[in-house]
Amino acid sequence: MLIVGNTPLTIDELVSVARKRERVTLSENAIELMKNSRIWVEKILESEAPIYGINTGFGELSKIFIPHDQRERLQRNLILSHCTGVGERLPEDICRAIMLLSINSLSKGYSGIRPEIVEGIATLLNNDIYPMIPCKGSVGSSGDLAPLAHMASVLLGEGMVVVSDKEVPSAPVLEGLGIKPLALGGKEGLALINGTQVMTAIAALTCYDAMRLMKTADIAAALSLEALQGTRTAFDPRIAMIRPHLGQEITAKNILALTQDSKIVAHHAQCDKVQDAYSLRCISQVHGASKDALRRVIETVSIELNSVTDNPLVMADTGDVISGGNFHGQPIALVMDYLKIALSEIANISERRISRLVDRKLSDLPAFLTAYPGVNSGFMILQYTAASLVSENKVLAHPASVDSIPTSANQEDHVSMGTIASRQAREILDNVQYVIAIEMLAAAQGVDFLKPATPGAGTQAAHLMVRSLVSHLDEDRALHPDIMTIKNAILDERILNAAERTVGELLL
């Protein structure tokens, strides 16, 4: 059980709730903080002083004062009118992460929302009811309005939920579980939708997966180094010592650990090759730079996980209600654009290694990694697939954050597009996983041809894991199933775990 409100939320905790269905509850301190901020909202509702979002309209309509008898309707209408998302629905793990982040932000007591509303989100989460949230429709300011409105609508008994992978109306589902729809008071509808929880949820899960993928990319690169009979010289720690980027240093250590005691490397130590191509020689510089970028992204995302991104903010100690711009997604937009580039580069250099593996003029291996070329095409078209994915990433890596289209009649005249950046980073991550899977297959095939010489301890463990899942390619067959099998082994960390059981935890 995760108690929200006692300590800062971590990415690992978010993953436990999003993917392992860990239950959540609010701390007593969080409940008290929300009660205290709500007191001030109730006082404002009794007065005639116009305060944005509490007794006024929204955005360009903020100049319109809302009378007492219309304020509950105002909040309900806000939610319903903002349910304008389009596109495929977000997957379950992202929806659960969104709900957790909403709970975490609102529980800090700066949003003027009643505890029972936040507890309502926790009830849905703990009962595995998650809203149907279309993936498109947010410009990233004021927060993730449209997607969060779809989440909030379920609390009202409106909108759709996903049950057994089917979209069904929420009201009968809530009724079946004995959960009563909630009525929103002043400020509460705005508090529920005026935040960055969608872009941050996608960002956090992408960061988590990117950490594992970058380690696995080191394993694939090390296996390619073996298959291409490269040298370990380029990973001499003295090289990183005089250019002390952390990512470069730890990547070199990973490659050395994985290829330790390699009979393949030892067998070719005295060959006439002066130095390797950049895609081998510069693994630590390229992979390392992407790891350094990921660390910067994680730092920003971790701050955002525990931030209050509502507007206006209610200061319970003084009663001040302050309008500001914490809903603006620029911090997430910029770093997720950065991560898009960092992930794309992992695939770019991987594809170059794949290309070398299939080219007999560069690899000293059979053409297209088949013992019977001509009648067999071998791994020829796998490189095409990798090239396609890498090219697609180049388009997706264009920064979303450089664009801004004014909204709400120019009241909201600069927006972040942060949710687009997060979604694109997620899509790039998926493409990179495919490319690394292809490199694993090609490198394992190349190592097969070098027998009886064996790779290093870590690369051999990875090679054996690949071979336990996919057989050596003797005759042409459909390779789509092989790609999917190895991609799944990357996702569930079987390849990473196999290597780490042998050489210890790889560095990131």
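Scoring rules and cut-offs
Residues numbered from 1 in each chain as written. Predicted model: local features only at pLDDT ≥ 70, side-chain atom pairs only at ≥ 80, totals over all residues. Heavy atoms only, no water. Helix = DSSP H or I, 4+ residues; strand = E, 2+ residues; numbered from the N terminus. Rg over C-alpha atoms; globule rule 2.2 N^0.38 Å. Buried < 20%, exposed > 50% of the residue type's maximum accessible area, 1.4 Å probe, protein only. Contact = heavy atoms within 4.5 Å. Areas by Shrake-Rupley, 256 points an atom, 1.4 Å probe, with all protein chains shown as cover. Lys, Arg positive; Asp, Glu negative; His and termini not counted. Charge placed at Lys NZ, Arg CZ, Asp CG, Glu CD. Salt bridge = Lys/Arg side-chain N within 4 Å of Asp/Glu carboxyl O. Phe/Tyr/Trp six-rings, centres within 6.5 Å; stacked < 30°, edge-to-face > 60°. Lys NZ or Arg CZ within 6 Å of the ring centre and 35° of its normal. Axes fitted to C-alpha atoms, helices over the stretch in contact; angles between N-to-C directions. Parallel < 35°, antiparallel > 145°, perpendicular 65-115°, else oblique.

## Here we look at the overall build of the protein
- Across its full length, the protein carries 21 helices and nine strands.
- Whereas a compact globule of 508 residues would reach a radius of gyration of roughly 23 Å, the protein reaches 26 Å, a difference of no more than 12%.
- C-alpha atoms of the protein, sized along the principal axes, occupy 85 × 50 × 40 Å.
- Counting only residues that meet the buried cut, the protein has 55% of its 508 residues in that class.
- For the protein, restricting intrachain contacts to residue pairs at least 6 apart in sequence, the fraction spanning at least 24 positions comes to 79%.
- Accessible surface, the protein as shown: approximately 20900 Å² in total, 55% of it carbon and sulfur.
- Averaging the positions of the 46 positive and the 58 negative side-chain charges in the protein gives two centres separated by 4 Å.

## Regarding the side chain of Asp218
- Locating Asp218 in the fold gives a position in helix 9 (residues 197-227).
- Setting aside its immediate chain neighbours within four residues, Asp218 contacts Thr251, Asn254, Ile255, Leu258, His287 and Lys291.

## Quick notes on the pattern of salt bridges
- For the structure shown, the criterion picks out 30 salt bridges.
- Between Arg21 and Glu92 there is a salt bridge, and its shortest N-O distance comes to 2.4 Å. Note that Arg21 is positioned in the loop between helix 1 (11-20) and strand 2 (24-26) and Glu92 in helix 4 (residues 92-106), a separation of 71 residues in sequence.
- Exposure remark for Glu92: the relative accessible area of 22% places this residue in the partly exposed category.

## A word on the packing of aromatic side chains
- This structure, assessed with the given rule, holds zero aromatic pairs.
- Directly above the aromatic system of Tyr434 lies the positively charged group of Lys487, at a separation of 4.1 Å from the ring centroid.

## Some words on the packing of helix 1 against helix 9
- In contact at an axis separation of 10 Å, helix 1 and helix 9 are set at 105° when each is read in the N-to-C sense. Between helix 1 and helix 9, the crossing angle belongs to the class labelled roughly perpendicular. Between helix 1, through Ile11, Asp12, Leu14, Val15, Ala18 and Arg19, and helix 9, the contact on the second element is made entirely by Ala204, Leu205, Cys207, Tyr208, Asp209 and Arg212.

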